[in-house]
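Coordinate inspection notes
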Amino acid sequence: MAERAESLADLVSDFHRKAREGRRSIVPGRIFDSTGQALGGLRRQETDDQRRPYSGCAAEAERTEPPMHDVANPPSLDDLGETLGHLPADRSAETISDNLALISSISQPNRVLNLLDRILGDEVVLGLIASRSYHHVNHFDKIVLIDSDSPAGYRLTLHLWRPPYTADELDDEIIHSHRFSFWSAILAGELQSENFQAGEDGTIFRRYSYVPEKRTKVNFYEFRGEARLRRIDVSVQAAGTSYYLPYEQIHRVLLPHRTMTCTLVLRGPRARNHSDVYNTSYPETDTQSANRTFSRDELAEKLRALKQMVAVRLSSSTALGA
Ligand SMILES: [Fe+2]
C-alpha cells in the first residue's frame, strides 16, 4: 500500500512539474473567473487553426492517449483518496491547471479499467460506493467513488448518461449552476452542453435555490422568482478530453440520444451552500425530491457497461498506435 501511494505521488508530482514547465500536453484554453474575465498566466499551446469550435468557460486538455508503460502501476481507490486529501483548496490558475492535469492522468483508459476491476472485485467497496450513489434528478447516474466528510474536501465521481430517454426527460430544461467548481474528463461517448448567462435579456425561467441534503438524500428547491437567461455557447467534447467549469457558470448537459456518455469528475471544495436551478416546469412554490441509492447489483451492472465502452476506446487507440 505504502509503495503504491509513493508511486502515485511520483506520478502526480511528475504531471504537475511537467504542466508547470510546459512539457505536459495541456492546453488550458480560456479560463474565466467569477466575473467572466479570463485568468492570466496560463500558456496557450494550440494555434487558431487547431482550436475546436468550443468556446465555453472551461479549460480544456488535449486528447491524451496512454503510453502502455503506465499500465505497470495504476492507482487504487485508496491511493486516489490520499491524493485528493492533499489537493489545495484555492482557485488559483496554478491549482486549476494542476487539477486538470491530474484528472487527465487518472482518466486514461488503462487506469480507469484497472480501477473498475478493483471495485467490481471487492464486494465491500462495491456496497460502499452503491450506498452513496443514485440517479440524479438531471437524468444521469451519480456514482460517488471517493467522498469527503468535509465540505472543504475534494470528491471523485462518475457521471453516467444512458439513453434511451423519454420525451419528457428530453424536454426537461435542467439548467443549473453548482455549489462546487469541478474538473471533468470524458471517459466514454461525447458530452454536449450549453452555457448560459443571466441578464436583462433572454428567455424567462423560474429560478430555484437548490440544496441537497446529504443525510436524508432529499433535495430542496426554494422558488426565488423569475430570471432571464441567454445562451452564450454550445460545446461538444469527445472522449479523451478534459475541462474545468467554475461553480458560477450556468449550463446544461444535452442528453445523449444513442450512446452512453460518461465523465470522471473531480469536484472541488464547496464554494457555497446552494446552486441555482432554472426551468419553466416546477411550480412557483418551494418543492423537493428524494434520491434512491443503488443496490450493489445495480451499480455493478453500470460499471460493467462503462468498462465495456472504455475497453473499446482503449483497443481502438492501441490499434491506431500499432
Ligand atoms: Fe452541471
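Broken down by element type, the chain carries seven helices and 14 strands. Relative to its 322 residues, the chain shows a buried fraction of 34%. Across the chain, the fraction of contacts at a sequence separation of at least 24, relative to all contacts at a separation of at least 6, is 83%.

What follows concerns the nonpolar core. Grouped together as the largest cluster of nonpolar side chains are 44 residues, with contacts concentrated most on I103, L187 and L266. Residue contacts for L187: discarding those within four places in its chain leaves S107, V112, A239, C262, T263, L264 and V310. The next biggest cluster of nonpolar side chains, apart from the first, holds nine residues, and it includes F205, Y208, V277 and Y278.

This part covers the environment of I204. When you line up the elements, I204 lands in strand 8 (residues 203-213). Sequence separation between I204 and N279 is 75 residues; the distance between their C-alpha atoms is 8.8 Å. If near-sequence neighbours (up to four positions away) are discounted, I204 is found in contact with E226 and R228.

This part is about the environment of W183. Relative to the elements of secondary structure, W183 occurs in strand 6 (residues 180-188). With 87 residues separating them along the chain, W183 and I96 place their C-alpha atoms 8.3 Å apart. The contact partners of W183, leaving out residues within four places of it in the chain, are N99, L100, I103, S242, Y244 and L266.

Turning to the pairing of strand 12 (residues 261-270), a few remarks are in order. Looking along a regular strand, one sees side chains alternate from face to face of the sheet. The element strand 12 is extensively covered by neighbouring structure, given that nine of its 10 residues are classed as buried. As defined by bridge partners, strand 4 (residues 155-161) adjoins strand 12 across seven bridges and the pair is classed as antiparallel. Bridged to W161 within strand 12 is T261. Strand direction decides the pairing type here: strand 6 and strand 12, joined by seven bridges, are antiparallel. Residue pairing for strand 12: I186 is matched across the bridge by T263.

With that settled, the discussion passes to the confidence of the model for the chain. Taken residue by residue, the chain gives an average pLDDT of 80. The fraction at 70 or more is 74%. Mean pLDDT across the secondary structure elements of the chain bottoms out at strand 1 (residues 60-61), with 47, and peaks at strand 4, with 98. Low pLDDT (under 50) marks residues 1-7, which in the prediction has seven contacts with non-local residues, meaning those over four places away or in another chain. Here residues 22-71 scores under 50 on pLDDT; set against residues more than four positions off or in separate chains, the count is 86 contacts.

The first and last C-alpha atoms of helix 3 (residues 93-106) sit 20 Å apart over 14 residues, in line with the 20 Å expected at 1.5 Å per residue. Along helix 3, 11 of the 14 residues are buried, which leaves the element largely enclosed by surrounding structure. Among all positions in helix 3, only I96, S97, D98, N99, L100, A101, L102, I103, S104, S105 and I106 are buried.

Glycine aside, negative phi is the norm for most residues, and most peptide bonds take the trans geometry. Of note, the amide linkage connecting P163 to P164 takes the cis form, showing an omega dihedral of 10°. Relative to the helices and strands, P164 resides in the loop between strand 4 and helix 6 (167-171). One non-glycine residue, H139, lies in positive phi territory at about 70°.

Calculation notes
- Residues numbered from 1 in each chain as written.
- Predicted model: local features only at pLDDT ≥ 70, side-chain atom pairs only at ≥ 80, totals over all residues.
- Helix = DSSP H or I, 4+ residues; strand = E, 2+ residues; numbered from the N terminus.
- Buried ≥ 20, exposed ≤ 12 C-beta atoms within 10 Å, placed from the backbone.
- Contact = placed C-beta atoms within 7 Å.
- Core = buried A, V, L, I, M, F, W, Y, C linked by C-beta atoms within 7 Å.
- Pairing = 2+ DSSP bridges.
- pLDDT = per-residue confidence, 0-100.
- Expected span 1.5 Å × (residues − 1).

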